[in-house]
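# Structure at a glance
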Amino acid sequence: MASGGYPVVALVCRVRRSAAPESPLVAARVVSGAGLAAVAGAFCYLSYLIMTGGKLAVPGPVVGGRPVIWLALQALAVATVAGTLIVAVRRRRVTARGERVRLGVLVTGGAVFLPWALYWDLALP
């Protein structure tokens, strides 16, 4: 929800033609996009494995004993965690109150993402 809320607020501001809370942080966009993709991708991949019983699933090419799809999801998880750390550090430089709140929600979402990714072995090598 936190990752999805970040672009939705910017879209609503553009539609209303008010001053768009333009974030100077590229890392915030990375956290939002990679976080959404990692959660949705992991859910879809794990659902596919559960539905097929893991026996019929052809994971595709395997590198280092892991399917390439899973390695891509792990890369997204690492990008999300790294971006969250960057946003948390640089959030103090932002002066607009609304943008600080929006970045704070994004950092909170990234902090909740880390234990979830550790549980599903997305953030582990």
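Coordinates for the structure precede this section.
Residues numbered from 1 in each chain as written. Predicted model: local features only at pLDDT ≥ 70, side-chain atom pairs only at ≥ 80, totals over all residues. Heavy atoms only, no water.

## Quick look at the packing of helix H2 (residues 26–52) against helix H4 (residues 97–119)
Definition in use: Lines fitted to C-alpha atoms define the axes, with helix axes restricted to the stretch in contact, and inter-axis angles between N-to-C directions lie between 0 and 180 degrees. Put simply, DSSP marks the helices as runs of H or I at least four residues long and the strands as runs of E at least two long, and each gets a number from the N terminus on. Crossings are classed by handedness, with left-handed meaning an anticlockwise turn of the near helix from the far one by less than a right angle and right-handed meaning a clockwise turn. In what follows, a contact means two residues having at least one pair of non-hydrogen atoms within 4.5 Å. By the convention adopted, Pro, Cys, Tyr, Trp, Phe, Met, Ile, Leu, Val and Ala count as nonpolar, Lys, Arg, Asp and Glu as charged, and the other residues, Gly among them, as polar.
At their nearest, the axes of H2 and H4 sit 11 Å apart, and the two run at 35 degrees to each other. Handedness of the H2/H4 crossing: left-handed. Each of Ala28, Val31, Ser32, Gly35, Ala38, Val39 and Ala42 in H2 lies in contact with H4, whose residues at this interface are Leu103, Leu106, Phe113 and Trp116. Taken together, the residues of the contact of H2 with H4 sort by class into 9 nonpolar, 2 polar and no charged.

## Regarding unusual backbone geometry
How we decide: Burial status follows relative accessibility: with a 1.4 Å probe on protein chains alone, a residue under 20% of its type maximum counts as buried, one over 50% as exposed, and anything between as partly exposed.
A positive phi angle, near 60 degrees, is found at Asp121, a position not held by glycine. Considering the arrangement of structural elements, one finds Asp121 in the segment after H4. Judged by relative accessible area, Asp121 falls into the partly exposed class, the value being 40%.

## Description of the side chain of Thr80
Here is the rule: In protein, a polar contact means a hydrogen-donor-capable atom and an acceptor-capable atom, both N or O and within 3.5 Å, with residues adjacent in sequence counting only if both atoms are side-chain atoms; elsewhere, any N or O pair within 3.5 Å suffices.
Residue placement: Thr80 occurs in helix H3 (residues 68–90). Side-chain polar atoms of Thr80 contact the backbone nitrogen of Gly35, separated by 3.2 Å. Not counting residues within four places of it along the chain, the set of residues in contact with Thr80 comprises Val31, Ala34, Gly35 and Phe113.

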